[in-house]
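# Overview (structure and organization)
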Amino acid sequence: VLNSTKDFHQHKLNTLGWELTVCNALHQDGTGIRKILKKDASFGYFLFDHLCGFCDMDRVRNILEIGGGYGYLMRDFLDRNPSLEPVMLDISPVLLEKQRETLKGRRVFFREEDFLETDVSTLRHFDVAIMNENLGDFPTLVDIGKEPLQVGFDHSDPTIRKAAGFIKKYGLELPEGDLCNVNIGALEAVEKLCVSGMDLIYTGEHSCEASPPPALRSHFDMKPSYNPERISLMGHDEYSIRFSHLEQVARSFGYECTRGPFADFIPLRETDEGLRSILASRGRYSDEGEMVYQFVEDLYKYEYLILKRTI
Ligand SMILES: C[S@@+](CC[C@H](N)C(=O)[O-])C[C@H]1O[C@@H](n2cnc3c(N)ncnc32)[C@H](O)[C@@H]1O
């Protein structure tokens, strides 16, 4: 089975309200979530500052954001560096409209497009690409037996042949068990960005390889499965990402990889007594506690991968 969200994003999606992304959760100031962070800021500011450790973000002009949702991240980026000339590429006409509203008055270009159909030659002009919380929306091959994916097996289905091709070309390891899921769309997207030769590529998404740090392990039931897991959302399913596979693709193109949980660049006020008691009670005693607990869990479930071109 090939899980696809294309029809949903093109024709059915009318809000991101059902899938609160980390970016959208940090959008509003004065919330309980903002209070548990070392800095009271929105997602784009945290990310921009983090990326400054990898390239001179103040000198970047040509930036591509794929799947920009409501456009909040790019609004923050433009506040930090008003000389950016962003292109927002999105499959969803509804979300592109929201991005137009959010980014009104700024010099921004919009492209309605499925990134998997984007011609790589149109990407060469960009210095930086941003993909936040969308790789899981890209096609995933689900419940596939391992035999057809193995070297020497000639399968007639082109999608299975494509997945087998990735596994062979990049030496990807498959998880234990008879059946597995393969993030075929995410692999293709990262391969395409690497082929284009961009200087810096950022991706962030729900990971199937994440685990909490030792100090927080008793608070969360989070274990790496190494097999992309289904996440059922309103009107569609998406899959968590096996980031080590994406790293392998990027390394083969000479990219240096830096990877970690979102908590690396959205640091918590770990000594805060209120936060400690919310985590100890797993957020059971209030609505705000539950929201904060889930947000902190997300900061460890979501991983980022930054690819920096070295050749
Ligand atoms: C879960 S939202 C994340 C939005 C935003 N980046 C954030 O973090 O809040 C996924 C975004 O990816 C877009 N998207 C999904 N599949 C896509 C595709 N194949 N090509 C381009 N954009 C896509 C969606 O329309 C949406 O804007």
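As a starting point, this report considers the structure included with it. (Residues numbered from 1 in each chain as written. Predicted model: local features only at pLDDT ≥ 70, side-chain atom pairs only at ≥ 80, totals over all residues. Heavy atoms only, no water.)

### Some words on the site of the ligand
Note the following rule: One heavy atom within 4 Å of a molecule or strand makes the whole residue count as near it. Whenever two N or O atoms come within 3.5 Å, that pair is a polar contact, provided that in protein one can donate a hydrogen and the other can accept it, and provided that, for residues adjacent in sequence, both atoms are side-chain atoms. Only the protein chains shown count as cover for residues, and all accessible areas are computed by the Shrake-Rupley method using a 1.4 Å probe. Grid points spaced at 1 Å and placed over the protein atoms alone form the basis of the search, with a cavity being a set where a 1.4 Å probe fits but cannot get out and a pocket an open set showing protein on both sides within 12 Å along at least five of seven lines. Lining residues have an atom within 4 Å of a point. Whether a molecule lies in a cavity or pocket depends on its atoms, and more than half of them have to be within 2 Å of the grid points.
What surrounds the ligand is a group of 21 residues, the closest being Thr 21, Gly 67, Asp 90, Asp 114 and Asn 132. Between the ligand and Gly 67 there is a distance of 2.8 Å, counted from a nitrogen atom to a backbone nitrogen or oxygen. In the model, an oxygen atom of the ligand is placed 3.1 Å from a nitrogen or oxygen of the Gly 69 main chain. Protein burial of the ligand: of its 590 Å² of free accessible surface, 98% is covered by the chains. Its atoms largely coinciding with the cavity grid, the ligand occupies the largest pocket.

### Here's the deal with the nonpolar core
One recurring pattern in soluble globular proteins: nonpolar side chains tend to sit buried together. Test applied: Remark: nonpolar core denotes a set of buried residues (Ala, Val, Leu, Ile, Met, Phe, Trp, Tyr, Cys) joined through side-chain atoms within 4.5 Å. Three exposure classes are used, based on accessible area relative to the maximum for each residue type with a 1.4 Å probe and protein chains only: buried under 20%, partly exposed in between, and exposed over 50%. The secondary structure listing takes helices from DSSP runs of H or I that are at least 4 residues long and strands from runs of E that are at least 2 residues long, numbered from the N terminus. Here, two residues are considered to be in contact whenever any of their heavy atoms come within 4.5 Å of each other.
Counting 57 residues, the largest nonpolar core has Phe 43, Phe 77, Tyr 202, Phe 262 and Ile 266 as the members making the most contacts within it. Where this core is concerned, the elements lending two or more residues are helix 2 (22-25), helix 4 (43-51), helix 5 (72-80), strand 5 (128-132), strand 8 (200-206), helix 10 (273-280), helix 11 (287-301) and strand 12 (302-309). Excluding its chain neighbours within four sequence positions, the residues that come into contact with Phe 262 are Val 22, Phe 43, Asn 132, Glu 133, Tyr 202, Gly 204, Glu 205, Leu 299, Tyr 302, Glu 303 and Tyr 304.

### A short note on unusual backbone geometry
Of note, Asp 143 is a non-glycine position whose phi angle comes to about 55°, a positive value. Assignment of secondary structure puts Asp 143 in strand 6 (residues 140-145). Given the relative accessible area of 52%, Asp 143 is considered exposed. You will see that Arg 282, though not glycine, has its phi angle at about 55°, which is positive. Relative to the elements of secondary structure, Arg 282 occurs in the loop between helix 10 and helix 11.

### What about the sheet that holds strand 8?
For sheets, the rule is that strands pair by backbone hydrogen bonds, running either parallel or antiparallel. Rules: We treat two strands as partners when DSSP finds at least two bridges between them. The convention used is that axes are lines fitted to C-alpha atoms, helices contributing only their stretch in contact, and that angles between N-to-C directions extend from 0 to 180 degrees.
Pairing within the open sheet is mixed, and its seven strands lie in the order 4-3-2-5-8-12-11. This sheet does not close on itself; its edge strands, each paired only once, are strand 4 (109-112) and strand 11 (255-261). Averaged over all adjacent pairs, the angle separating strand axes in this sheet is 15°, with direction ignored. With seven bridges joining them, strand 11 and strand 12 adopt antiparallel strand pairing. Across the sheet, residue Cys 257 finds its bridge partner in strand 12, namely Leu 307. Against the sheet, helix 5 engages strand 2 (62-66), strand 3 (85-90) and strand 5, with an angle of about 160° to strand 2. Sitting on the sheet, helix 8 (residues 184-196) is in contact with strand 2, strand 5, strand 8, strand 11 and strand 12, with an inclination near 170° to strand 5.

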